[in-house]
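Overview (structure and organization)
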Amino acid sequence: MPIRVAIIGSGPAGFYTAKALLRACRTCEIDVIERLPTPYGLIRGGVAPDHQTTKRVAKKFEKTALVEEVNYYGNVEINRHVGLAELRDLYDAVVLAVGAPGDRKLTIPGADKYGVFGSAAFVGWYNGHPDFRDLDPSLNSEVAVVVGNGNVALDCARILLRTRQGMAGTDLPMHVQGAIAASPIVDVYILGRRGPAEASFTNVELRELSQLTKAEPRVRKDHLPDDSEAALAAYVARERRVRERNLKTLAEFASLEPDTKPKRLHLEFFTSPVEVLGDERVEGLRCERTQLIDGRAQGTGEFFEISCGLVISAIGYRTELFAGAPYDEKRNIIPNDKGRVEPGLYAAGWIKRGPSGVISSNRPDGEIVACYIRDDIPVDGDPTKPGRVGLEKLLRERRHRWVTFGDWQRLDALEEAAADYQAPRQKFVTVEEMLEALDSEEGSKQK
Ligand code: NAP
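Below or above, wherever it landed, is the structure these notes cover. (Residues numbered from 1 in each chain as written. Predicted model: local features only at pLDDT ≥ 70, side-chain atom pairs only at ≥ 80, totals over all residues. Heavy atoms only, no water.)

Examining helix α9 (residues 174-182)
- Those residues of α9 that sit buried are Val176, Gln177 and Ile180. Seen end-on, α9 carries its buried residues on one side only, within an arc spanning 100°.
- Elements in contact with the buried residues of α9: α6 (119-126), α7 (151-160) and α8 (164-167). (Buried < 20%, exposed > 50% of the residue type's maximum accessible area, 1.4 Å probe, protein only. Helix = DSSP H or I, 4+ residues; strand = E, 2+ residues; numbered from the N terminus. Arc of directions from axis to C-beta. Contact = heavy atoms within 4.5 Å.)

Some remarks on the side chain of Lys385
- Positionally, Lys385 belongs in the loop between α14 (362-376) and α15 (388-397).
- Of the side chains with opposite charge, Asp382 comes closest to the buried, unpaired Lys385, at an N-O distance of 4.8 Å.
- Discounting residues that sit within four places of it in the chain, Lys385 has contacts with Arg4, Arg88, Asp89, Leu90, Tyr91 and Asp92. (Lys, Arg positive; Asp, Glu negative; His and termini not counted. Salt bridge = Lys/Arg side-chain N within 4 Å of Asp/Glu carboxyl O.)

Quick look at the pattern of salt bridges
- Inspection of the entire model under this criterion finds 38 salt bridges.
- Of the charged contacts, one joins Asp134 and Arg133 as a salt bridge, the two residues approaching to 3.9 Å between their closest N and O atoms.
- A salt bridge links Asp375 to Arg374; its shortest N-O distance comes to 3.1 Å.
- Residue Asp375 is classed as exposed on the basis of its relative accessible area, which comes to 54%.

Notes on the sheet that holds strand β9 (residues 215-219)
- Spatially, the six strands line up as an open sheet ordered β6-β14-β7-β8-β10-β9, and their pairing is parallel. Here the strands that pair on one side only, and so sit at the sheet edges, are β6 (116-118) and β9. Taking each pair of neighbouring strands and ignoring which way they run, the sheet shows an average axis angle of 20°.
- Bridging between strand β7 (residues 143-147) and strand β14 (residues 310-313) involves four bridges; their strand directions are parallel. (Pairing = 2+ DSSP bridges. Axes fitted to C-alpha atoms, helices over the stretch in contact; angles between N-to-C directions.)

A look at the environment of Asp407
- Tracing the chain through its elements places Asp407 in helix α16 (residues 405-417).
- With 106 residues separating them along the chain, Asp407 and Gly301 place their C-alpha atoms 58 Å apart.
- A distance of 3.4 Å separates a polar atom in the side chain of Asp407 from a polar atom in the side chain of Arg401. (Polar contact = N/O pair within 3.5 Å; in protein donor to acceptor, adjacent residues only side chain to side chain.)

A look at helix α12 (residues 237-254)
- End to end, α12 covers 26 Å across 18 residues, agreeing with the expected 26 Å (1.5 Å per residue, within 8%).
- Taken together, the buried residues of α12 touch α10 (203-207), β9, α11 (228-231) and β10 (263-268). (Expected span 1.5 Å × (residues − 1).)

Some remarks on the packing of helix α1 (residues 12-24) against α14
- Relative orientation of the contacting elements α1 and α14 amounts to 45°, with a least axis distance of 7 Å. Taken together, the axes of α1 and α14 lie oblique to each other. The way α1 lies across α14 gives a crossing that is right-handed. Across the interface between the two elements, Pro12, Ala13, Tyr16, Thr17, Ala20, Leu21, Arg23 and Ala24 from α1 touch Asn362, Arg363, Gly366, Glu367, Val369, Ala370, Ile373 and Arg374 from α14.
- In terms of residue class, the contact of α1 with α14 is made up of nine nonpolar, three polar and four charged. (Parallel < 35°, antiparallel > 145°, perpendicular 65-115°, else oblique. Left-handed = near helix turned anticlockwise from the far one by under 90°. Nonpolar A, V, L, I, M, F, W, Y, C, P; charged D, E, K, R; others polar.)

Here's the deal with the site of the ligand
- Lining the immediate environment of the ligand, one finds 21 residues, of which Asn149, Arg193, Arg194, Glu205 and Gly357 sit closest.
- The separation between an oxygen atom of the ligand and a polar side-chain atom of Arg193 is 2.7 Å.
- Within the backbone of Gly357, a nitrogen or oxygen atom sits 2.7 Å from an oxygen atom of the ligand.
- In isolation the ligand has 930 Å² of accessible area, and contact with the protein removes 78% of it. (Near = heavy atom within 4 Å. Areas by Shrake-Rupley, 256 points an atom, 1.4 Å probe, with all protein chains shown as cover.)

A look at the side chain of Ser313
- Among the structural elements, Ser313 can be located in strand β14.
- Assessed through its relative accessible area of 5%, Ser313 is described here as buried.
- Residue contacts for Ser313: discarding those within four places in its chain leaves Asp103, Arg104, Leu106, Phe117, Gly118, Ser119 and Val147.

Observations concerning the pairing of β10
- Most of β10 sits out of view: six of its six residues are buried.
- With burial as the criterion, each face of β10 is covered, one bearing Lys263, Leu265 and Leu267 and the other bearing Arg264, His266 and Glu268.
- Judged from the five bridges that link them, strand β8 (residues 187-191) and β10 form a sheet pairing that is parallel. Bridging from a neighbouring strand, Leu191 pairs with Glu268 of β10.
- Where β9 meets β10, five bridges bridge the pair, whose relative direction is parallel. Paired with Arg218 across the bridge in β10 is His266.

Points about the sheet that holds strand β16 (residues 340-342)
- The strand order β3-β2-β1-β4-β17-β16 describes an open sheet built from six strands, whose pairing is mixed. Each of the sheet's edge strands pairs with one partner strand only, and the pair in question is β3 (70-73) and β16. Averaged over all pairs of adjacent strands, the angle between strand axes in this sheet comes to 20°, irrespective of strand direction.
- As paired elements, strand β1 (residues 3-8) and strand β4 (residues 93-96) share four bridges and run parallel to each other. Residue pairing for β4: Ala6 is matched across the bridge by Val94.
- Each of β2 (28-33) and β3 is contacted by α15, which is oriented at about 20° to β3, the strand it contacts most.

Side note on the environment of Asp112
- For Asp112, the location among the structural elements is in the loop between β5 (102-103) and β6.
- Asp112 gets classed as exposed once you look at its relative accessible area, which sits at 72%.
- Measuring from C-alpha to C-alpha, the distance between Asp112 and Gln426 comes to 32 Å, with 314 residues separating the pair along the chain.

So, the packing of aromatic side chains
- Inspection of every chain in the model, using the stated rule, returns eleven aromatic pairs.
- If you follow Arg243 out to its NZ or CZ, it ends over the ring of Tyr235, 4.1 Å from the centre. (Phe/Tyr/Trp six-rings, centres within 6.5 Å; stacked < 30°, edge-to-face > 60°. Lys NZ or Arg CZ within 6 Å of the ring centre and 35° of its normal.)

Dropping the structure here:
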């Protein structure tokens, strides 16, 4: 008998766990369960559409999905179509790899006005995530502000400043390309509440801003530290090297000849938003100039306003309570010991350690969880746990249509076939159209 494992979530944390389990366990049966019909989590719905090389990691996950021991159950939402407790009864081990789908909230007055969007929603919208198909962000002003100094803030700002041609090799959905191309936005501000040395950008992503064809990066010389050594004193090793390079890049931006391109991307440091202005819609953002005291941003009492019609809050993601599993409200993660929540229940990725790191940071999470499962569960599993046979029986009884990996491959092929000549794919952006496309094809069968 194999060990039967259900992994909830088909993003990097889910697939790295599946791959590690195949290596760690003598025999296992792994079912990757996903709320959407489409797999790969943030690879499809988070990684920027103009970063297609990053998305290629999905090919590795595909290899894992095609291994005989692995099954994919898309369009299955846990606690809606099947309960977490039911799943734990069916499987020897359940791994939660559901990421951090929510936004850390911008909690300033006026943040609920129309025209303020969290990055989870905005990134989801431009990536064609079905949850955000109808977001309709207001791109009808000349100025947009992105709050936050991480890579997601850079992604949002860069996408807003893409030209038609700059979008051609991406998988931005057509309605998104249309909205961006028609937008009058010419100035995008990225606000950092601390200084340039404290920004969480990575080098390649920051440097990329100088390659935008119609927009130039702008940095104020007086925001750069006079003494880089002192500004970087708190950082060591890799973290210090990244920030050192960032400072160099920002100094290059600060010395660029201005007005060579028609649009501008202002990297505005020492700026904390304090109020969103306007009646029902955003008309501006009131900000306070800050200074660094003991590494923290402190208001100086100097206020100024930026007139704008769009505010994107890219200040980090948030994990959410997963019904039936414990949750640490203070740390915003599922309480766990290196991925083990309790014997039989495990966690990997952002729900385990919070929303930070790059795609490959999830690999060790998967490897550790696989070792725990191997050590916690008898080598032949529990004979009373039916695993996927039980899951399929439940779903059939509930007349719920799940999406197999074979189904996804057909959707994938249809998306690629629908793409314009330079684009990698034209995405389906609603669950209904995905299911209709599958149903309208003959020979749909469960793997
Ligand atoms: P992040 O890197 O944690 O950055 C969040 C930013 O928000 C920080 O600059 C933080 O400033 C700021 N912030 C937090 N609360 C704030 C507030 N109340 N007011 C103003 N600013 C506030 O998060 P992220 O950008 O969402 O990225 C998440 C993870 O995904 C990161 O590890 C990132 O590197 C990764 N990612 C990587 C790529 C890539 O490799 N291309 C692309 C996208 C995302 P403080 O530092 O002052 O707290």
